[in-house]
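Each chain, written out:
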Amino acid sequence: MCNCVSIKMGGYNNQTTLRMPDGQLMGIDKCIADEIQYLWSIGIRTTGCCCGHNITEGYIGVIDKDIEIMKKGGYKIGFNKIDLRDEKNFIPRSYINEKGEINYYEYKDKYKISFS
Ligand SMILES: [Zn+2]
């Protein structure tokens, strides 16, 4: 689980500001900021994300065109209870703990996407 304590869903208390590839500044949950930055660095276009704040599973939303790349890279689709056909949200692979160390969920290959 991530290092969020008493952060409400939709809360912005544990965020950091990152510059997106298009130059825009964006508040990103600190727990998954490293992973988001990596995804941007390889060209993934995200639509939104949340670490889950230790309340629920986090998600990383991507644009339709990048869904296949995420799947190929081994990302698991986040289940959408409202729309079962929705595959736009993926489960984050990492979180940063209270010591600032990066930790990984069950993925052995961490979050490096393979394009082969
Ligand atoms: Zn968190």
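Residues numbered from 1 in each chain as written. Predicted model: local features only at pLDDT ≥ 70, side-chain atom pairs only at ≥ 80, totals over all residues.

How do you make sense of the overall build of the protein when you look at a structure like this?
When helices and strands are tallied, the protein shows two helices and seven strands. For the protein, the α and β elements follow one another from N to C terminus as β-β-α-β-β-α-β-β-β. Its C-alpha atoms give the protein a radius of gyration of 13 Å, within 12% of the compact-globule value 13 Å for 116 residues. Overall, the C-alpha framework of the protein stretches about 35 × 30 × 30 Å when taken along its three principal axes. (Helix = DSSP H or I, 4+ residues; strand = E, 2+ residues; numbered from the N terminus. Rg over C-alpha atoms; globule rule 2.2 N^0.38 Å.)

It is not clear to me how the sheet that holds strand β3 (residues 46–50) should be interpreted in this structure. Could you clarify?
In any sheet, the strands associate via hydrogen bonds between backbone groups, in a parallel or an antiparallel arrangement. Spatially, the three strands line up as an open sheet ordered β3-β4-β5, and their pairing is antiparallel. The sheet terminates laterally at β3 and β5 (89–90), the two strands that pair on one side only. In this sheet, β5 lies alongside strand β4 (residues 59–62) in antiparallel orientation, the contact comprising two bridges. Considered in β5, the bridge of Gly61 is made with Asn89. (Pairing = 2+ DSSP bridges.)

Just to check I follow, could you spell out the pairing of strand β1 (residues 15–19) for this structure?
Regular strands place their side chains on alternate faces of the sheet. Two strands pair when backbone bridges link them, and β1 and strand β2 (residues 25–29) are joined in this way by five bridges, in the antiparallel orientation. In the strand pairing of β2, Thr16 is matched with Ile28. The antiparallel hairpin formed by β1 and β2 contains five residues in its connecting segment, where Gly23 sits at a positive phi of about 95°.

Any chance you could explain helix α1 (residues 33–41) here in plain terms?
Two residues of an α-helix separated by three or four positions point the same way, owing to the 3.6 residues in each turn. Along α1, the residues classified as buried are Ala33, Glu35, Ile36 and Leu39. All buried residues of α1 lie within an arc of 165° about the axis, which places them on one face of the element. Residues of α1 that are buried sit in contact with β1, β2, β3, β4 and β6 (94–96). Downstream of α1 by a residue or two, Gly43 has a phi angle that is positive, lying close to 100°. (Buried ≥ 20, exposed ≤ 12 C-beta atoms within 10 Å, placed from the backbone. Arc of directions from axis to C-beta. Contact = placed C-beta atoms within 7 Å.)

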